Amino acid sequence: MKYAKFLALAATALAALMAFAGVASATTLTSPAGTTFTGTLKASSSETTLTNSSTIGTIKCTKSEVEGPVTSHGTGKTVFGDVSKLTFTECTNGEPTDPVVKGGTLELHWTSGSNGTVTSSGAEVIIHKTLVGSCTFKTNNTDIGQFTGGTPAKLDIESAAIPQESTNFFCPTSATWKGSYTVTSPGTLLADA
């Protein structure tokens, strides 16, 4: 009888803990503060780099854009969206100038205040070099950077390691994506728990 009561108590405690964890992981985007945002986000960067080993070098781009609709967020969820546009243009040391194959998805995880961390899955880039061929890199729940809410909001990608997807022997195990993106639409964007 004591064992049955203990199991019932343990099950109740576990259920309560899981309910709390589900609520704690919730993230919502607001624009302006207090108003849930469900539209399309747009962000751009004036200097972005894709770097891998010295065998292939660094691709520097003076323009990069990210765009996509918010497809889910709220209680028990993180903010999630498909990337409908991901471009790297006006690039040097790379062939062709825009290496993006797929935009993938982005997910925002609230951390504190109006801020959060961002992960990417399914984004795919190919870096072409004349001497070594093509190297393909693809994100897979990859932590890419920090979201800072504000007017405007920012996404800082300091050193996102994108794993290698190709089988080219000359390709490194990952490429590094760096860039500082400013959210251009909406004008104010905040992450809330």
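Everything that follows concerns the structure shown earlier in this document.
Computed from a predicted structure; not experimentally measured.

Which parts of the structure should I look at to understand empty space enclosed by the protein?
The method is simple in principle: a probe with the dimensions of a water molecule rolls over the atoms, and the space it marks as empty is what remains. Counting across every chain of the model gives 3 cavities of 30 Å³ or more. Reported here for the largest cavity is a volume of approximately 350 Å³. Around the largest cavity, the lining comprises 23 residues; the ones closest to its centre are L41, V66, L106, V118 and L155. Listing elements by their share of the lining of the largest cavity, those giving two or more residues are strand 2 (40-45), strand 4 (58-72), strand 5 (79-82), strand 8 (105-110) and strand 14 (174-185).

Is there a simple way to explain the nonpolar core in this structure?
The nonpolar side chains of soluble globular proteins are, as a tendency, buried together. If you look at the biggest cluster of nonpolar residues, it comprises 34 residues, and the most contacted ones within it are L29, F88, W177 and Y181. For Y181, the residues in contact, after removing those within four places along its chain, are A43, S44, S45, T48, S64, E65, V66, F88, A153, K154, L155 and I157.

Sorry if this is basic, but what is going on with the environment of L189 here?
Position of L189 relative to the elements: it lies in the loop between strand 14 and strand 15 (190-192). Note on L189: relative accessible area 1%, which makes it buried. For the pair formed by L189 and G150, sequence separation is 39 residues and the distance between their alpha carbons is 5.7 Å.

Calculation rules
Residues numbered from 1 in each chain as written. Predicted model: local features only at pLDDT ≥ 70, side-chain atom pairs only at ≥ 80, totals over all residues. Heavy atoms only, no water. 1 Å grid on protein atoms, 1.4 Å probe; cavity = no way out; pocket = protein on both sides within 12 Å on 5 of 7 lines; lining within 4 Å. Points joined across faces, edges and corners; volume = space filled by probe spheres on them. Helix = DSSP H or I, 4+ residues; strand = E, 2+ residues; numbered from the N terminus. Core = buried A, V, L, I, M, F, W, Y, C linked by side-chain atoms within 4.5 Å. Buried < 20%, exposed > 50% of the residue type's maximum accessible area, 1.4 Å probe, protein only. Contact = heavy atoms within 4.5 Å.

Keep in mind that these numbers describe shape and distance, not what the molecule does.
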